[in-house]
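Structural overview
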Amino acid sequence: MRIALLGWDLDREAVDAVSRLGADVVAFTRWFPDEPEREAHAGWMEMRCPHQLGGGPIEEALAFGVGVVRTASTSGLGFGFDVVHAMDWRSRPAAGELASRSEAVLSAVDQAADEEVE
């Protein structure tokens, strides 16, 4: 099973827990200067996705979605995920964009993703 976990601020403990179940896990999160865009961890891959900054929180969340799709496309990872999971509200648009291009049988949103937009 191939799982995409998307988080604006990645919960690495949660990603570690999922990867220990034996799934092929790719975690997508934001990129910051001086950080690698791709980083291998024990049992999972972290992909940091450059995206357009500026505007309000909603505009940045939408831009993160574009960045995730671009990263999946250009990195060679592709879109073949069985599960696409948004770990917070800011990653919902990205999860939707990735799931729409995947053969995902499950697209899920964490309950904590129901936070209000600041």
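Scroll up to find the structure this text is about.
Rules used in this analysis
Residues numbered from 1 in each chain as written. Predicted model: local features only at pLDDT ≥ 70, side-chain atom pairs only at ≥ 80, totals over all residues. Heavy atoms only, no water. Buried < 20%, exposed > 50% of the residue type's maximum accessible area, 1.4 Å probe, protein only. Helix = DSSP H or I, 4+ residues; strand = E, 2+ residues; numbered from the N terminus. Pairing = 2+ DSSP bridges. Expected span 1.5 Å × (residues − 1). Contact = heavy atoms within 4.5 Å. Core = buried A, V, L, I, M, F, W, Y, C linked by side-chain atoms within 4.5 Å.

1. Structural notes on the pairing of strand β5 (residues 83-86)
Residues Val83 and His85 line one face of β5 and the alternating positions Val84 and Ala86 line the opposite face, and both faces are buried. Strand direction decides the pairing type here: strand β1 (residues 2-6) and β5, joined by four bridges, are parallel. Looking at the pairing, alanine 4 lines up with valine 84 of β5.

2. Concerning helix α2 (residues 57-74)
Helix length check: α2, at 18 residues, gives a terminal C-alpha distance of 25 Å against a target of 26 Å (1.5 Å per residue), a fit within 8%. Every buried residue belonging to α2 is among Glu60, Ala61, Ala63, Phe64, Gly65, Gly67, Val68, Val69, Thr71 and Ala72, and all of these are buried. Where α2 is buried, its residues contact β1, β2 (24-30), β4 (44-49) and α3 (92-101). Glycine 76, located one to two residues past α2, shows a positive phi value of around 90 degrees.

3. Here's the deal with the environment of leucine 6
Inspection of the secondary structure assignment puts leucine 6 in strand β1. By relative accessible area, leucine 6 is classed as buried at 0%. Distance from leucine 6 to glutamate 46, taken between C-alpha atoms, is 9.9 Å for residues 40 residues apart in sequence. Those residues in contact with leucine 6 that sit more than four places away from it in its chain are Phe28, Val68, Val84, His85, Ala86, Met87, Asp88, Ser91, Ala94, Ala95 and Leu98.

4. Digging into the nonpolar core
The biggest cluster of nonpolar side chains holds 19 residues, and the ones touching the most others in it are Ala4, Leu6, Phe28, Val68, Phe81, Val84 and Leu98. Mapped onto this core, the elements with two or more residues apiece are β1, β2, β4, α2, β5 and α3. Those residues within four positions of leucine 98 in sequence are excluded, and the remaining contacts are Ala4, Leu6, Phe28, Val68, Val69, Ala72, Phe79, Phe81 and Val84. Residues Leu10, Val25, Val83 and Met87 belong to the second largest nonpolar core, which totals 10 residues.

5. Let's talk about unusual backbone geometry
Most peptide bonds take the trans configuration, and most residues that are not glycine carry a negative phi. The backbone of aspartate 34 shows a phi angle near 75 degrees, a positive value even though the residue is not glycine. Tracing the sequence through the fold places aspartate 34 in the loop between β2 and β3 (38-41). When its relative accessible area of 82% is taken as the criterion, aspartate 34 is described as exposed.

6. Examining the side chain of glutamate 60
Its location among the elements puts glutamate 60 in helix α2. Beyond its immediate stretch of four places on either side in the chain, glutamate 60 contacts Trp8, His51, Gln52, Leu53 and Gly54.

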